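The lines below spell out each chain.
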Amino acid sequence: VIYGVLKTPINQQSVCSNVFILRCFFSESEHLPVFLDIIEPTLRRGETLNVTKKGKSTGVTYGSIDKTNYHTRVESSQKGTFYAFKKCYRIRPQNREIFFEDGDSGAGVFLIDEQTKTLKPLGIGFLKGPVYTCVCRINHFLDEFQLSICEDDFARNYFGNKTEKE
């Protein structure tokens, strides 16, 4: 789950947003959260950009970005009409494992930055294809609702947990 807080107060009060999957998770008595840097990577020929997500159905899974400017369409319930999605990321699973299943929609997808040992918010998984997963860019939601993404336990402990399992 991606957590976020509004950057600007509404009606002179600090309030939390509950839009889409963005939720506030701290109270005034807790320390201020750490905000994560949003990334919009470009994929160079021969480069591998690894990602991870924690979904409700599949748990923690791994993949890599296959395309950074992917367009797709989904048929709506009305015959002959479609929903178009542009400038998405296309993710392929690693090692032929499952990356995304029904029930994982809305899961935050993070770029694994091995150099800085951090997870960087990339987007929201929303569409499972035969092989690939489609991920919309998170920055569009954040800009529209003036939100930031806060570090949660998954992002905070990712590299420590990964080291323990190896």
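Definitions and limits used
- Residues numbered from 1 in each chain as written.
- Predicted model: local features only at pLDDT ≥ 70, side-chain atom pairs only at ≥ 80, totals over all residues.
- Heavy atoms only, no water.
- Helix = DSSP H or I, 4+ residues; strand = E, 2+ residues; numbered from the N terminus.
- Buried < 20%, exposed > 50% of the residue type's maximum accessible area, 1.4 Å probe, protein only.
- Contact = heavy atoms within 4.5 Å.
- Areas by Shrake-Rupley, 256 points an atom, 1.4 Å probe, with all protein chains shown as cover.
- Pairing = 2+ DSSP bridges.
- Axes fitted to C-alpha atoms, helices over the stretch in contact; angles between N-to-C directions.
- Core = buried A, V, L, I, M, F, W, Y, C linked by side-chain atoms within 4.5 Å.
- Salt bridge = Lys/Arg side-chain N within 4 Å of Asp/Glu carboxyl O.
- Polar contact = N/O pair within 3.5 Å; in protein donor to acceptor, adjacent residues only side chain to side chain.

Engineer: I would appreciate a short explanation of the overall build of the chain in the present structure.
Structural biologist: Helix and strand counts for the chain stand at 2 helices and 8 strands. The order of helices and strands in the chain, counted from the N terminus, is β-β-β-β-β-β-β-α-β-α. Counting over 166 residues, the chain shows a buried share of 37%. Contacts spanning at least 24 positions in sequence make up 60% of the contacts within the chain whose residues lie at least 6 apart. Here the chain displays about 10700 Å² of accessible surface, and carbon together with sulfur accounts for 48% of that area.

Engineer: Help me understand the sheet that holds strand S5 (residues 108-113) in this model?
Structural biologist: If you walk around this closed barrel you meet the 6 strands as S2-S3-S4-S7-S6-S5, and the pairing is antiparallel. Neighbour-to-neighbour, the strand axes of the sheet open up by a mean angle of 50 degrees, direction not taken into account. Sheet analysis places strand S3 (residues 59-75) next to strand S4 (residues 82-93), joined by 9 bridges and oriented antiparallel. When the sheet's bridge partners are listed, Glu 75 is paired in S4 with Phe 82.

Engineer: Can you walk me through unusual backbone geometry in this structure?
Structural biologist: Both trends apply: most residues other than glycine have a negative phi, and most peptide bonds are in trans. Here Asn 95, not a glycine, exhibits a phi torsion of approximately 55 degrees, which is positive. With respect to the helices and strands, the residue Asn 95 is situated in the loop between S4 and S5.

Engineer: Please explain the nonpolar core as it appears in this structure.
Structural biologist: As a rule of thumb, soluble globular proteins bury nonpolar side chains together. Residues Leu 119 and Tyr 158 are the most contacted members of the largest nonpolar core, which totals 14 residues. Among the secondary structure elements, those contributing two or more residues to this core are S5, strand S6 (118-128), helix H1 (138-145), strand S8 (147-150) and helix H2 (153-165). Examining the composition of this core, we find that 4 residues originate from one element, H2, more than from any other. If near-sequence neighbours (up to four positions away) are discounted, Tyr 158 is found in contact with Thr 52, Tyr 62, Ile 112 and Leu 119. One finds Leu 49, Val 51, Phe 99 and Val 135 within the second-largest nonpolar core, a separate group that totals 11 residues.

Engineer: How do you make sense of the pattern of salt bridges when you look at a structure like this?
Structural biologist: Pairs may arise between side chains of opposite charge once their charged atoms sit close together. For the structure on display, the rule yields 10 salt bridges. The shortest N-O distance in the salt bridge between Glu 114 and Lys 117 comes to 3.4 Å. With a relative accessible area of 48%, Lys 117 lands in the partly exposed category. Residues Arg 156 and Glu 151 are paired through a salt bridge, measuring 3.4 Å at the closest nitrogen-oxygen approach.

Engineer: How do you make sense of the side chain of Asp 113 when you look at a structure like this?
Structural biologist: Position of Asp 113 among the secondary structure elements: in strand S5. Engagement of the side chain of Asp 113 in a polar contact is seen with the backbone nitrogen of Gln 115, the distance being 3.0 Å. What Asp 113 contacts, discounting residues up to four positions off in sequence, is Thr 118, Lys 120 and Phe 159.

Engineer: How should the environment of Lys 120 be read in this particular structure?
Structural biologist: For Lys 120, the location among the structural elements is in strand S6. By relative accessible area, which is 18% here, Lys 120 ends up buried. Taking the C-alpha atoms as reference points, Lys 120 and Leu 36, separated by 84 residues in sequence, lie 6.5 Å from one another. Those residues within four positions of Lys 120 in sequence are excluded, and the remaining contacts are Asp 37, Ile 39, Val 109, Phe 110, Leu 111 and Asp 113. A distance of 3.0 Å separates polar atoms of two side chains, one belonging to Lys 120 and the other to Asp 113.

Note that all results are geometric; they support no functional claim without further evidence.
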